[in-house]
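Coordinate inspection notes
Each chain, written out:
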Amino acid sequence: MNQKSWPKSNSDHCIRCATCMSICPVSRVTPLFPGPKQAGPGAERFRKAGDSSENEWIDLCMGCHLCDLVCPSNVPISELTLLAKVTYFHKKGRSLRDWLLSHPSQFGWLGSSFPSITNSLLNHPLVKCMLDLLFKIDRGRPFPKYQSPTFRQWFKTHSSRGEKKVAYFYGCYTNTNEVEVGRATVKVLEANGFEVILPPQNCCGLPMLGTNDLKGARKMALKNIPSLLQTIRSGVDIIFSSTSCGHMIKHEYSHPLNILGAEEIANHTFDLFEFLRNLKESGNLNIQFKKLKIKAAYFAPCHLRSLGIGFPALEILRLIPGLRIDNIEADCCGLGGTFGFKKEKYAISQEIGKDLKEAIDRLNPEMVLTDCEGCRMQIRHLTGLKVLHPVQVLGDALL
Amino acid sequence: MHYDLIVIGMGLSGLMAAKTATEAGRKVLIIGKGIGGLALFSNSIDVLGIPSLAGPETKSLKDDLSQWILDHPNHPYGKIGAEKIEEALSSFNALFPPPYTFQAKNGSNSLLPTGAGTFRPTYLIPSTMMKGTTIKNKKILLIGFKGYKDFYAQQLADSFLCRAVTLSLSGMSQAEINSTTLARWMEQPTFREWIGTEIKKQILNEELVGFPAVLGLKDPMGVRKDLEKRIGLPVFEIPALPPSIPGMRIFRRFKERLIQRGVTFLLGHSVSKAYVNRERCERIEVLNPPLLTSYTADCYILASGRFMGGGLKADREKISESIFNLPLSQYEVREKWFGDSFFDDHPVHGVGISTDSTFHPIDESGRPILENVWVAGTILAHHHFIQEKSREGIEIATGYWAAKQGIDSL
């Protein structure tokens with residue numbers, strides 16, 4: 001297979017081996033979802049180009065991409081399913097709920113302007129009850145807290161210095177809900193000699209994919225591309241700390257969004273720990289660490305697996321003296337971004353998460369580390385443990 | 001990124017190669033698209049299951065294996081020898097400490113019941129399946145589940161001349177369930193309590209209860225012990241159709257070990273191109289659209305499997321090896337690929353890569369083609385694993401020894 005012929009949406013390549021069925025987190029917990037084999041290539045045979053899927057169950061696919069990873073025939077299963085979902089909802093129409101869930105960037109600024117009011121409102125039982133009844137946003141799902149100042153606001157007051165420049169795509173969630181992750185990222189990059197710059201950026205568009213709004217996702221991508229292109233063309237690499245945003249930019253902007261310039265950007269965009277690992281390979285990583293006596297467990301998010309870079313955070317963290325870090329043997333946290341907020345999917349999301357919780361309980365760590373904000377939210381909800389981005393521990397370890 | 005050893009292929013042979021290399025302290029990358037036969041087949045460990053070794057008379061496999069190797073010197077086993085095959089199998093076994101172990105009954109093959117209602121000879125049997133070897137001498141009750149279409153208990157009961165009962169899962173009458181769902185339910189005490197009670201009511205004079213191989217992914221022996229307690233009879237598993245839960249157990253154990261040991265584990269991506277310069281592989285390229293990433297290593301193990309996984313490609317006229325375009329042995333015109341009957345031993349199954357005794361790929365004159373590439377697994381030529389019932393043995397033995405050859409060269 002060469003670059004010009006990467007997987008086409010050809011369901012005939014599917015040999016019905018059912019390997020995808022062995023890994024799909026949704027079909028593992030509910031028979032309501034017939035599984036990736038059926039949802040993707042199977043049903044595709046009954047859908048002519050432009051036809052919508054006949055079945056609502058198609059929306060039970062979380063878009064975790066695990067099926068793609070195990071298909072021996074290179075069938076782009078999750079893409080086939082996504083396109084079917086998009087067509088289905090295009091015909092059916094999308095709900096206000098889905099609009100709300102996919103546009104957190106629209107009111108993130110509002111949340112961060114009045115964080116204490118927002119946080120108490122969003123997590124007030126009455127408000128949650130109303131959101132549940134009116135918008136079908138499950139009351140069981142806690143909303144993340146908003147912070148002030150935002151990451152962008154903090155960065156304005158911070159002067160970054162270094163010999164080389166690197167651009168940081170921080171993502172909506174880091175900006176308004178987990179500023180400490182952004183600060184740790186900046187600290188680590190500066191400790192390795194980089195001046196951090198923030199290119200103009202918007203939401204990467206991934207939440208729109210989660211609500212089957214391909215047009216909306218394209219819109220966000222087109223907003224981001226010019227500034228990202230300009231950045232890399234000026235010789236500056238881009239790094240991301242959220243594996244979900246990163247996967248969107250590196251892969252989904254090309255497929256299925258087919259945006260011009262996406263491939264060029266992808267070649268110069270790196271996961272933070274992938275970037276650090278490359279530094280390590282060339283002997284340029286700052287490994288002046290103090291001892292951290294922590295028993296931690298690491299969880300690899302689905303989008304990280306799909307990035308195909310291995311688990312670089314685990315490799316780098318193992319360099320920290322005193323840190324005990326075990327890999328959690330589980331496949332998917334179950335949140336699926338917007339998926340687990342939806343009332344009709346909450347129970348499925350939690351059932352998938354049960355397996356992860358059991359795996360974490362077995363390891364009995366003090367804290368859990370994972371690169372995806374969605375996983376962090378879910379693991380906190382499942383276990384009540386302290387959950388951090390690996391960069392936060394790395395930042396703490398630097399002398 | 002540079003590694004000591006890159007393993008191409010994540011089936012059983014690739015996993016064995018990576019395990020062998022990482023346990024020798026080497027920096028390893030394993031890359032694979034899919035998990036090979038582990039998702040599909042019965043996944044007890046076949047070594048050599050030809051008729052003479054499948055009989056009720058207990059012949060030691062090792063002795064007959066030695067003789068068979070003398071008679072088939074070109075077979076992958078011919079490059080290894082019975083002693084060393086044993087060593088590789090021990091290395092595999094070391095991954096499965098009690099209670100879930102792989103054992104040979106009396107050091108020889110046994111006949112295990114299959115999900116098709118037949119018997120097949122196999123060598124190393126996981127603990128949860130072992131009691132199936134006594135099926136001919138005992139009164140058995142087989143358990144099926146309505147909606148679980150990959151195992152028809154009644155059909156098996158007709159073949160094995162015993163009774164079967166098919167449980168209806170409440171609320172699930174319309175839905176189809178697959179083995180992963182069922183295996184997960186089996187891990188829940190409330191589910192086991194329910195089926196335990198149901199099955200106990202159905203027992204007449206049976207001595208042994210047979211389930212499809214779905215007794216949980218993480219702790220099959222724990223699941224079985226609990227079921228045995230609730231039913232009051234010993235329990236065993238029979239392999240069913242894919243996805244294979246026993247195979248997933250094997251995959252998960254390898255994955256756990258490899259990641260723990262720091263192997264870079266790239267599941268989900270295939271090697272799109274290999275760059276060769278003067279008999280050395282310089283680098284491989286992996287396509288994860290739209291990105292092409294290169295990896296280099298001092299040595300490479302090609303364990304990419306046969307047609308299903310794309311290690312070998314066939315079109316209307318020819319067969320080729322996908323990554324290095326290595327010459328293939330046993331290769332004839334298309335008219336000669338297949339026998340007349342579906343169950344014939346088709347000549348095309350013997351097509352593959354020929355290697356010397358150190359697993360280097362060789363040309364027609366026997367000269368090694370690539371000095372830093374070794375070949376392992378079912379992509380090798382001169383075996384017919386379906387007829388021989390030798391698949392896992394070939395994968396384990398060649399994966400282990402090809403990696404050893406690679407490591408020795410470092």
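Structural notes, computed from the coordinates. (Residues numbered from 1 in each chain as written. Chains lettered and ligands numbered in written order. Predicted model: local features only at pLDDT ≥ 70, side-chain atom pairs only at ≥ 80, totals over all residues.)

1. Some words on the overall build of chain A
The helix and strand tally for chain A stands at 21 helices and eight strands. Whereas a compact globule of 399 residues would reach a radius of gyration of roughly 21 Å, chain A reaches 21 Å, a difference of no more than 12%. Taking the principal axes of its C-alpha atoms as reference, chain A extends roughly 60 × 55 × 40 Å. Classification of the 399 residues of chain A by burial places 53% in the buried group. (Helix = DSSP H or I, 4+ residues; strand = E, 2+ residues; numbered from the N terminus. Rg over C-alpha atoms; globule rule 2.2 N^0.38 Å. Buried ≥ 20, exposed ≤ 12 C-beta atoms within 10 Å, placed from the backbone.)

2. Considerations on the packing of helix α1 (residues 12-23) of chain B against helix α8 (residues 245-260) of chain B
All names here are of chain B. Put simply, α1 and α8 touch, their axes get as near as 10 Å, and they point 30° apart. Here α1 lies roughly parallel to α8, going by the angle between them. You can see that α1 and α8 cross each other, and the crossing is left-handed. Note on element contacts: α8 touches α1 through Phe254, Arg257 and Leu258, opposite Leu15, Ala18, Lys19 and Thr22. Residue classes in the contact of α1 with α8 are distributed as four nonpolar, one polar and two charged. (Axes fitted to C-alpha atoms, helices over the stretch in contact; angles between N-to-C directions. Parallel < 35°, antiparallel > 145°, perpendicular 65-115°, else oblique. Left-handed = near helix turned anticlockwise from the far one by under 90°. Contact = placed C-beta atoms within 7 Å. Nonpolar A, V, L, I, M, F, W, Y, C, P; charged D, E, K, R; others polar.)

3. A few points about helix α7 (residues 220-231) of chain B
All names here are of chain B. With 12 residues, α7 ought to run about 16 Å at 1.5 Å a step, and its terminal C-alpha atoms sit 16 Å apart, in line with that. All of the buried residues along α7 are Pro220, Val223, Arg224, Asp226, Leu227 and Ile231. Taken around the axis of α7, the buried residues stretch over an arc of 165°, which confines them to a single face. Contacts made by the buried residues of α7 are with α5 (179-186), α6 (189-202), β9 (208-212), β10 (235-238) and α8. Within two residues after α7, Gly232 carries a phi angle of roughly 85°, on the positive side. (Expected span 1.5 Å × (residues − 1). Arc of directions from axis to C-beta.)

4. What about the sheet that holds strand β5 (residues 295-299) of chain A?
Residue and element names in this part refer to chain A. If you walk across this open sheet you meet the four strands as β6-β5-β7-β8, and the pairing is parallel. This sheet does not close on itself; its edge strands, each paired only once, are β6 (324-327) and β8 (386-388). Across the sheet, the mean angle from the axis of one strand to that of its neighbour is 30°, orientation sign disregarded. Judged from the three bridges that link them, strand β7 (residues 367-370) and β8 form a sheet pairing that is parallel. The residue bridging Met367 from the neighbouring strand is Lys386, located in β8. Each of β5, β7 and β8 touches helix α20 (residues 373-383); the most contacted strand, β7, lies at about 160° to it. (Pairing = 2+ DSSP bridges.)

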